Structures are given as structure tokens and as C-alpha cells.
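Architecture and fold: a report
The residues making up each chain are set out below.
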Amino acid sequence: MSELNEYKEDTIKVLIVEDEPILAELNADFIQRDTKVKVVGIASNLQEAKIMVEKLRPTLILLDNYLPDGKGIELFEYIINNKLDSYVIFITAASDMDTCSKAIRFGAFDYLIKPVSYQRLKHSLERFELFLYRQSLQKHVNQRRIDELFNLQTKDFVDINRHSKGIEEITLQKVKDLFMLTDEPQTVDQIVEKANISKTTARRYLEYCVQTKLLIVELNHGKIGRPERLYKRLGK
């Protein structure tokens, strides 16, 4: 049983359940390149995994199905039956429809077949981060918000603007989401605080949204100094 580094309160705690030590460590090294993700443990069998889920309460579990003392799908059932608050991404060689169907019925966030492309894994983790972020925005949801959350689990998101220099899908979506919550115009400083990004980054994404007709910009001429730029949704 391996328990790894300490984590900050705002990080995504990940438990890796994988019986191949080298693969488990490679996966851990890769996903921790994202500063919001921290691997809090590695379990090599089903029994260890149950103990670590109870003790560490991970946000996300990267789960292999073929383990020395059972199957990963049993851990998923254990999580559901014990009302444990962890999401699951399967990373497994199990390509049979029965396992895949059970994973879908139990609510797996994603299902990746080995050997896994790290680009595909990165994409899955990015969608999971956005999934958590969107949940944190509101206590109550409308149908559009519900559809967006379900789409993050089922839709292979393609960023149609991915070739735009300096524009990254997750950050762009965070900025856009902030304008979905209000009809009021917002300043660069407000976006910096809410999205937790730098002022330079905020300006770049806001101007991009203006260029692509998502936002409009107005100038607020104050009594002193340069006019302040106010951004708001187009048509609102």
C-alpha cells in the first residue's frame, strides 16, 4: 500500500488502483503535471483499494478492472453501496461489453481501454476538472446546466478554436461560464478574482470572446484616469 504526498484543500485528490507498479507510477507522474491534481495513494489490489477509499476519501479513482484479488467493478459497487463520494475513471484492458455496461450503469465518468494514450487521459482529466468547476458555480441548476454536466461525462469535447494562439479550452470555458451567471457587465479585475487567473490572461481571453462575438465591451468613463472596460454577454 502506497500513500503519497500531502495535498492542498483545493486540489483534486486521486487514488490510483493498478497492480502493475511501473504503470501506476507512470500514471501518477503524468497526471500530477497538472497542479490541481494530487495522487494521494496507489493501491495494488482490491482490498487495499477499499481501505484507502475509506481512509483517504479521494475525489477521483483511476481504476483498473483486473486485480489480483478481484475486479475493479466490485470496488465501484462498494463505493456506491457505502455512499462514498468518489468519481471513477476506468483505465483497464477489460474490453468486454458486460464490464463496460456495468461501469456506465454505475456512473463512471469515463472508460479508457489500455494501452491508453496520455493525450486521451489528459483530455478526460480536463473534462473532470471542468465538471467539478461547473458544479461549484451554483447551488441550483436549470435544464441547460444539467445538460452541460451530463455532456461532460458523455461528449468528446472538441475545441473548435484549439488552433487559436494562447487560447486553452478549460480556461476559455471558465471565463464564458462567468458570464452565464449574470447579465451584469464585468471588469477584468472581477474576472481575475473569480476565475483565479492573471490579469494578462484575463485580458487575452476577454478580448478573444469579444473577437468571436461572445461578448461586447463598453467603456466606462470615470472622473479620473483611463476609461474602464466593461464586458458583457452579447445581446444582454
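For the structure, see preceding data.
Now for a quick tour of the structure. All chains use their own residue numbering, which begins from 1 and follows the written sequence. In view of the model being predicted, local features appear only for residues whose pLDDT reaches at least 70, and side-chain atom pairs are presented and counted only at 80 or more, with totals across whole chains, interfaces and linings using the full set of residues. In computing side-chain values, all of the structure's heavy atoms are included and hydrogens and water are not.

Attention now moves to the overall build of the chain. Put simply, DSSP marks the helices as runs of H or I at least four residues long and the strands as runs of E at least two long, and each gets a number from the N terminus on. The helix and strand tally for the chain stands at 9 helices and 10 strands. To sort residues, take the accessible area from a 1.4 Å probe on protein chains only and compare it with the maximum for the residue type: under 20% means buried, over 50% means exposed, and anything in between is partly exposed. Per-residue burial over the chain gives 44% buried out of 236 residues. In what follows, a contact means two residues having at least one pair of non-hydrogen atoms within 4.5 Å. Counting only contacts in the chain whose residues sit at least 6 apart along the sequence, the fraction spanning at least 24 positions is 60%. Accessible surface computed for the chain: about 13,600 Å², of which carbon and sulfur atoms make up 51%. The Shrake-Rupley method, run with a 1.4 Å probe, gives the accessible areas here. Residue values count only the displayed protein chains as cover.

This next bit is on the side chain of K232. In this fold, K232 is placed in strand β10 (residues 228–233). His is not counted here, nor are the chain ends, while Lys and Arg score as positive and Asp and Glu score as negative. Each reported salt bridge corresponds to a side-chain nitrogen of Lys or Arg within 4 Å of a carboxyl oxygen of Asp or Glu. The side chain of K232 sits in the buried core without any salt bridge; E218 is the nearest counter-charge, 4.2 Å away. Among all residues touching K232, those that are not within four sequence positions of it are F179, D183, P185, L214, L215, I216 and E218.

What follows covers the side chain of E129. Assignment of secondary structure puts E129 in helix α5 (residues 118–137). Within the buried core, E129 has no salt-bridge partner, and the shortest N-O distance to an opposite charge, that of K36, equals 4.1 Å.

Stacked, edge-to-face and tilted labels apply to pairs of Phe, Tyr and Trp rings (six-membered ring for Trp) whose centres lie within 6.5 Å, assigned for plane angles under 30 degrees, over 60, and everything in between, in that order. The final tally for this structure, using the stated rule, is 9 aromatic pairs. Ring centres of F76 and F90 lie 6.0 Å apart, and the angle between their planes is 45°; this geometry places the pair in the tilted category. Of this pair, F76 sits in helix α3 (residues 72–81) while F90 sits in strand β7 (residues 87–92); the two residues are 14 residues apart in sequence, bridging distant segments of the chain. Each member of the pair, F76 as well as F90, carries the same accessibility label: buried. Each member of the aromatic cluster is reached from another via a ring pair, and the members are F76, F90, F106 and Y111. If you follow K174 out to its NZ or CZ, it ends over the ring of Y133, 5.0 Å from the centre. When the NZ atom of lysine or the CZ atom of arginine is within 6 Å of a ring's centre and also within 35 degrees of its normal, the charge is said to sit over that ring.

To continue, consider the packing of helix α2 (residues 46–56) against α3. Interaxial angles span 0 to 180 degrees and are taken between N-to-C directions of axes, which are lines fitted to C-alpha atoms, for helices over the stretch in contact. Closest axis-to-axis distance for the α2/α3 pair is 10 Å, and the angle between their directions is 30°. Judged on the interaxial angle alone, α3 and α2 are roughly parallel. The hand of the α2/α3 crossing is right-handed. On α3, the residues touching L46, A49, K50, V53 and E54 of α2 are E74, L75, Y78 and I79. Angular relationships are summarised with four words: roughly parallel below 35 degrees, roughly antiparallel beyond 145, roughly perpendicular across 65 to 115, and oblique for the angles in between. By definition, turning the near helix anticlockwise from the far helix through less than a right angle yields a left-handed crossing, and turning it clockwise yields a right-handed one.

Within the structure shown, the criterion is met by 10 salt bridges. Here R57 ties to E54 by a salt bridge, and the two come within 3.4 Å at their closest N and O atoms. For R57, a relative accessible area of 44% translates into the label partly exposed. Between R229 and E207 there is a salt bridge whose closest N-O contact spans 2.9 Å. Highlighted residues: R229 in strand β10 and E207 in helix α9 (residues 199–211), separated in sequence by 22 residues. Its relative accessible area of 35% is what places R229 among the partly exposed residues. A single network of salt bridges, built from pairs that share partners, joins E18, D64 and K114.

Counting 24 residues, the largest nonpolar core has V17, I61, L75 and F90 as the members making the most contacts within it. Only β2 (12–17), β3 (37–43), α2, β4 (60–63), α3, β7 and α4 (97–106) provide two or more residues apiece to this core. Apart from residues no more than four positions distant in its own chain, F90 is found in contact with L63, N65, G72, I73, F76, A103, A108, D110, Y111 and L112. What we call a nonpolar core is a set of buried Ala, Val, Leu, Ile, Met, Phe, Trp, Tyr and Cys residues that are connected through their side-chain atoms within 4.5 Å. The next biggest cluster of nonpolar side chains, apart from the first, holds 20 residues, and it includes F30, V37, V39 and L112.

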